Amino acid sequence: MSDHNHHDSETGYGRFHRRVFERKAGVFAVATTVAISVGALVELIPMFTASSSASWERVDWVTPYTPLEVAGRDIYVREGCYLCHSQMIRPMRAEILRYGPWTRAGEYQYDRPFLLGSRRLGPDLQRVGGKYPDAWHYEHMRDPRSTSPGSVMPVYPWLIDSKIDPADIAASVRALARVGTPYESTDEAWVAGRLQSQGATIVQNLASAGITAEWDDEIVALTAYLQRLGVEGRAHLANQGGDS
Ligand code: HEC
């Protein structure tokens, strides 16, 4: 009590604060709302006033995921790979040197849901596409220690035995089309055809490394997804020069 009075009489501030803010809930609510709004406006105003070349606009240099990549992405989500891997290269020198050009917002335009991740127990995967041969991914997912001694990544041997289901993937493609991803078709026959032709390419790459696989193995789909990550962005941003 005496401590309070001492403070009030010494500065005048404490008394004013208690009288005007702490005792009047309405005034206090308005004042806190104003204070918080300032923070929101600082974030929002630049979004509405920036030039049209802003980096969060829709871009034409990223294409939708193919059906096989959609299948791989669904497996990536199911297995929780995003719990250890981010997909978000920040505009900082160390990140750019390690992972490549920092991520532009438009690169996520077909990512539903986003898989940015919030933890990096493993490296960022945003531009991992093309970094390794298909056979490396196969061996790595079968047993991470076989390619990366000392790795803490779990093994995923069931991806070798489990099969993707074209009907299931057609449903995923239809869902993506419904929310605006431009697919030329969502027929199950079309989806199955695309799955097989892209899968066959990966099966061939694996065969040349002595690995036997089939187009509908889950590990083939997940490899297709990993191998396309950030590839279009890297190609496009390399031509921009300068800022990457
Ligand atoms: C417990 C955390 C953890 C989980 C879960 C995990 N990883 Fe990893 N991952 C790592 C670590 C650590 C490394 C680095 C060592 C290595 O290469 O294995 C890594 C490396 C990788 C790499 C190589 C990256 C590079 O640039 O060298 C790929 C690709 C990868 N993981 C894919 C996956 C996929 C796909 C899944 C889900 C099926 C997954 N990871 C799940 C921890 C994890």
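Use the structure listed above.
The sections below set out a description of the structure shown in this document. (Residues numbered from 1 in each chain as written. Predicted model: local features only at pLDDT ≥ 70, side-chain atom pairs only at ≥ 80, totals over all residues.)

## Overview of the overall build of the chain
Looking only at helices and strands, the chain has 12 helices and 0 strands in total. For the chain, the succession of helices and strands along the chain, N to C, is α-α-α-α-α-α-α-α-α-α-α-α. The C-alpha atoms of the chain give a radius of gyration of 26 Å, which is well past the 18 Å a tight globule of 244 residues would have. Principal-axis analysis of the C-alpha atoms gives the chain an extent of 85 × 45 × 40 Å. The buried share among the 244 residues of the chain stands at 25%. Excluding contacts between residues fewer than 6 apart, the proportion of contacts in the chain whose partners are at least 24 apart in sequence is 71%. (Helix = DSSP H or I, 4+ residues; strand = E, 2+ residues; numbered from the N terminus. Rg over C-alpha atoms; globule rule 2.2 N^0.38 Å. Buried ≥ 20, exposed ≤ 12 C-beta atoms within 10 Å, placed from the backbone. Contact = placed C-beta atoms within 7 Å.)

## A closer look at the site of the ligand
Around the ligand, 22 residues are found, and the nearest of them are C81, C84, G122, S148 and S151. Here the residues of the shell around the ligand are counted per class, giving 15 nonpolar, 5 polar and 2 charged. (Near = placed C-beta within 6 Å. Nonpolar A, V, L, I, M, F, W, Y, C, P; charged D, E, K, R; others polar.)

## Details of the environment of D74
Topologically, D74 is positioned in helix α4 (residues 67-78). Separated by 95 residues in sequence, D74 and I169 place their C-alpha atoms 8.8 Å apart.

## Here we look at the nonpolar core
Counting 29 residues, the largest nonpolar core has A71, I169, I219, A221 and L222 as its most contacted members. For this core, the secondary-structure elements that each account for two or more residues are α4, α6 (134-142), α9 (166-178), α10 (188-207) and α11 (218-228). Looking at this core element by element, the count peaks at 7 residues for α11. With residues near it in sequence (within four places) discarded, L222 still touches G72, I75, Y76, M141 and L159. (Core = buried A, V, L, I, M, F, W, Y, C linked by C-beta atoms within 7 Å.)

## What about α9?
Under the 1.5 Å per step criterion, the end-to-end length of α9 is 18 Å for 13 residues, consistent within 8% with the ideal 18 Å. By the burial criterion, the buried members of α9 are I169, A170, V173 and L176. Projected onto a plane normal to the axis of α9, the buried residues spread over an arc of 120° and lie on a single side. Pointing more than 90 degrees away from the buried face of α9 are the exposed residues A167 and R178. (Expected span 1.5 Å × (residues − 1). Arc of directions from axis to C-beta.)

## Comments concerning unusual backbone geometry
Most peptide bonds are trans, and most residues other than glycine sit at a negative phi. A cis amide bond links R112 with the next residue in sequence, P113, at an omega value of -5°. Among the secondary structure elements, P113 is positioned in the loop between α5 (93-99) and α6.

## Points about the packing of α4 against α10
The geometry of α4 relative to α10 is characterised by a closest axis approach of 7 Å and an angle of 85° between their N-to-C directions. In terms of orientation, α4 and α10 fall into the roughly perpendicular class. Counted together, P67, L68 and A71 of α4 and V191, R194, L195, Q198 and G199 of α10 form the full contact between these two elements. When the residues that make up the contact of α4 with α10 are grouped by side-chain class, the tally is 5 nonpolar, 2 polar and 1 charged. (Axes fitted to C-alpha atoms, helices over the stretch in contact; angles between N-to-C directions. Parallel < 35°, antiparallel > 145°, perpendicular 65-115°, else oblique.)

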